[in-house]
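Here is what each chain is made of, one letter per residue.
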Amino acid sequence: MREAGNTDNLSQSLLRSKELKKDTLSFLEHVKSLPDMEKQVAKRKRKILEVLDGTEEDWVNWKWQLRNRIKDSVVLAKIIGLSDLDKKRIDKVGKLYRWAISPYYLSLLTEDFQSSPIYRQAIPDIRELAPGGSLDPMNEATTSPAPCVTRRYPDRMIINVTNQCAMYCRHCQRRRNIGEVDQHACLEDIGAAIDYVAQNKEIRDVLITGGDALMLSNQTLEFILDKLHNISHVEIKRIGTRIPVTMPQRITPELVDIIRKYPPIFINTQFNHPLEVTPEAKLACDRLAEGGVVLGNQAVLLRGINDEPFVMRKLCQELLKIRVRPYYIFHAKNVQGTCHFQTSIAQGLNIMESLRGHTSGLAIPTFIVNAPGGLGKIPIMPNYIQKIQKDKVFLRTWEGKIIQIENR
Ligand SMILES: *Cc1c(COP(=O)(O)O)cnc(C)c1O
Ligand code: SF4
């Protein structure tokens, strides 16, 4: 009797494994179709170094990367080849919305570059001039009780330390803050923001961001971290930066030695596509992780870039490999100049549905819609609740089976 039961269990388990294996097949097929980037990147990098007259040594130096950002369509055309019309369009958009790309980020362009997720995030697009969208959908202007401060929550707040970034992302959701000229907040304003933290004891979590917080000099960054570290009610510090994606060379051992001194520090970055998870990005994240930083990712759901279930799954899995935990996926807001990136909420839900159960829970971020008017983040999820009755609850599994449990 018992024996028979076991054989039965075993054959059922084998059948089930077969079914589960099948679930991953189409994903694995998709992954195989991703371009092998190594050779393409090496070739592009050689070309960039040739045009910019740089050396391998320059390449790993973030100051060189920053100084040599590409922000001129003529230089860009020399590197990747562009039609006159393309150049004209880039110039036209660039007059309204600045652009700048680190040589490193540009090197990640695939060969068929105009459909590349790298190109779409970095290079001005004529659709940015389409009418519509709001300049400040988050109403940040009215949630700032002190210089550089954005406060929308009871126990945590943001200090905006700079409007500078290594790259000016075409989809930037904070375009309003990213002004005409590169500029860090002045020390006086930063000091006033820190005073605000010190005077408000309920603030236990301070997020240093911008722009890109790691555009600050080591010295200024240390000044801020040290001040916050010495406020006893500040339990955690966070840094918002896209540097591990756009200019990973900035994560130097010297920077990490500073960060290491002020734990606990959480860094949230913004990888949007698996092609951005490169050996350089891995090195940067390894250094940060070894410096005691807890790393998270806040992707933006972007049409034509990552609004496909398999792309997002691959991205989230690649992130875990470099010790970055997917934290949020943001629904793209209605920001002027970025509306062509917007997706439907339904597509976001579809992606969330395609993750849960199909891959590690660790690889599954929370899908967030930002409430207009600065009213905060709203998590949204596919609905797994079918029906709630007084004595019973009907739920849906990740595979769509309806189950019932007692409600008590
Ligand atoms: C997003 C945000 C935070 C952090 O929110 P978490 O959900 O805790 O990550 C804090 N302050 C402001 C103003 C924000 O927009
Ligand atoms: S790094 Fe962030 S703040 Fe800067 S342009 Fe990109 S999305 Fe905007």
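Residues numbered from 1 in each chain as written. Chains lettered and ligands numbered in written order. Predicted model: local features only at pLDDT ≥ 70, side-chain atom pairs only at ≥ 80, totals over all residues. Heavy atoms only, no water.

**Student:** What should I look at first to understand the pairing of strand S7 (residues 324-331) in this one?
**Tutor:** The two faces of a sheet get side chains in turn, since along a regular strand they alternate between them. Of all 8 residues that make up S7, 6 are buried, and the element is covered over most of its length. For strand S6 (residues 294-301) and S7, the ladder comprises 7 bridges, and the chain directions are parallel. Bridging from a neighbouring strand, Leu295 pairs with Val324 of S7. Since S6 and S7 lie parallel, the crossover through helix H14 (residues 309-321) that links them has a hand, and here it is right-handed. The pairing of S7 with strand S8 (residues 366-371) spans 3 bridges and is parallel. Across the sheet, residue Phe330 finds its bridge partner in S8, namely Ile368. Of the crossover connections in this fold, the one passing from S7 over helix H15 (residues 345-355) to the parallel S8 is right-handed. (Buried < 20%, exposed > 50% of the residue type's maximum accessible area, 1.4 Å probe, protein only. Helix = DSSP H or I, 4+ residues; strand = E, 2+ residues; numbered from the N terminus. Pairing = 2+ DSSP bridges. Right-handed = clockwise from strand over helix to strand, strands pointing away.)

**Student:** Explain the side chain of Arg242 here, please?
**Tutor:** Position of Arg242 relative to the elements: it lies in the loop between strand S4 (236-240) and helix H11 (243-246). A relative accessible area of 7% means that Arg242 is categorised as buried. Within the local environment of Arg242, its side chain forms a polar contact with the backbone oxygen of Gln270, the two atoms lying 2.7 Å apart. Apart from the residues lying within four places of it in its own chain, the contact partners of Arg242 are Tyr105, Gln121, Met167, Cys169, His171, Asp212, Thr269, Gln270, Asn272 and Glu276. (Polar contact = N/O pair within 3.5 Å; in protein donor to acceptor, adjacent residues only side chain to side chain. Contact = heavy atoms within 4.5 Å.)

**Student:** How do you make sense of the domain arrangement of the chain when you look at a structure like this?
**Tutor:** Think of interface size as the accessible area that goes away when the parts come together; that is how it is often given. Considered domain by domain, the chain is made up of domain 1 (38-120) and domain 2 (140-380). Computed over C-alpha atoms only, the centres of domain 1 and domain 2 are separated by 24 Å. Contacts between the two partners involve 22 residues from domain 1, matched on the other side by 33 residues from domain 2. Of the roughly 2,300 Å² buried at the junction of domain 1 and domain 2 (both faces included), carbon and sulfur atoms supply 57%. Counting the surface domain 1 buries against domain 2, the share from its top three residues, Trp62, Arg98 and Tyr104, is 33%. Where domain 1 touches domain 2, the interface holds 0 salt bridges. Across the contact surface, domain 1 and domain 2 share 10 residue pairs in polar contact (both at pLDDT 80 or more). At the level of elements, helix H4 (62-67), helix H6 (84-96), helix H7 (103-106) and helix H8 (117-122) are the ones that each hand at least two residues to the side of domain 1 that touches domain 2. (Domains from an automatic or database assignment. Buried area = accessible area lost by both parts, 1.4 Å probe. Salt bridge = Lys/Arg side-chain N within 4 Å of Asp/Glu carboxyl O.)

**Student:** Sorry if this is basic, but what is going on with the site of ligand 1 here?
**Tutor:** In the vicinity of ligand 1, the contacting residues are Thr150, Arg152, Tyr153, Arg156, Ile158, Arg238, Tyr327, Tyr328 and Lys377. Contacts to ligand 1 include Arg238, whose side-chain N or O atom sits 2.8 Å from an oxygen atom. The contact in question runs from an oxygen atom of ligand 1 to an N or O atom on the side chain of Tyr327, over 2.6 Å. Taking 390 Å² as the accessible area of ligand 1 by itself, protein coverage stands at 89%. Of all the secondary structure elements, the ones that give two or more residues to the shell around ligand 1 are strand S2 (156-160) and S7. For the shell around ligand 1, the per-class residue count stands at 4 nonpolar, 1 polar and 4 charged. (Near = heavy atom within 4 Å. Areas by Shrake-Rupley, 256 points an atom, 1.4 Å probe, with all protein chains shown as cover. Nonpolar A, V, L, I, M, F, W, Y, C, P; charged D, E, K, R; others polar.)

**Student:** Got a minute to help me understand the packing of aromatic side chains in this structure?
**Tutor:** By convention here, two paired aromatic rings are described through the distance between centres and the angle between planes. If you walk through the whole model with that rule in mind, you get 5 aromatic pairs. Centre to centre, the rings of Tyr327 and Tyr328 are 4.0 Å apart; their planes meet at 25°, and the pair counts as stacked. Under the relative-accessibility criterion, Tyr327 is labelled partly exposed at 30%. Connected via pairs of aromatic rings, a cluster forms that spans Tyr327, Tyr328 and Phe330. (Phe/Tyr/Trp six-rings, centres within 6.5 Å; stacked < 30°, edge-to-face > 60°.)

**Student:** Hey, could you run me through the packing of helix H10 (residues 218-229) against helix H12 (residues 253-260) in this one?
**Tutor:** Pairs of packed helices are described in terms of their axes, by the angle between the two and the distance that separates them. One can describe the packing of H10 onto H12 by two numbers: an axis separation of 10 Å at closest approach and a directional angle of 10°. What the angle tells us is that H10 and H12 run roughly parallel. Contacts between H10 and H12 involve Asn218, Leu221, Glu222 and Leu225 from the former and Glu254, Leu255, Ile258 and Ile259 from the latter. Counted by class, the contact of H10 with H12 contains 5 nonpolar, 1 polar and 2 charged residues. (Axes fitted to C-alpha atoms, helices over the stretch in contact; angles between N-to-C directions. Parallel < 35°, antiparallel > 145°, perpendicular 65-115°, else oblique.)

**Student:** Looking at this model, I keep getting lost on the pairing of S6. Mind explaining?
**Tutor:** In terms of burial, S6 is largely enclosed, as 6 of its 8 residues are buried. The pairing of strand S5 (residues 265-269) with S6 spans 4 bridges and is parallel. When the bridges of S6 are listed, Phe266 appears paired with Val294. In this fold, the crossover linking S5 to S6 by way of helix H13 (residues 279-290) has right-handed handedness.

**Student:** Just to check I follow, could you spell out the sheet that holds strand S9 (residues 376-380) for this structure?
**Tutor:** For sheets, the rule is that strands pair by backbone hydrogen bonds, running either parallel or antiparallel. One open sheet holds the 9 strands; their spatial order is S1-S2-S3-S4-S5-S6-S7-S8-S9, and the pairing between them is mixed. Each of the sheet's edge strands pairs with one partner strand only, and the pair in question is strand S1 (149-150) and S9. Where H15 meets the sheet, its contacts fall on S6, S7, S8 and S9, and the angle it forms with S8 comes to roughly 160°.

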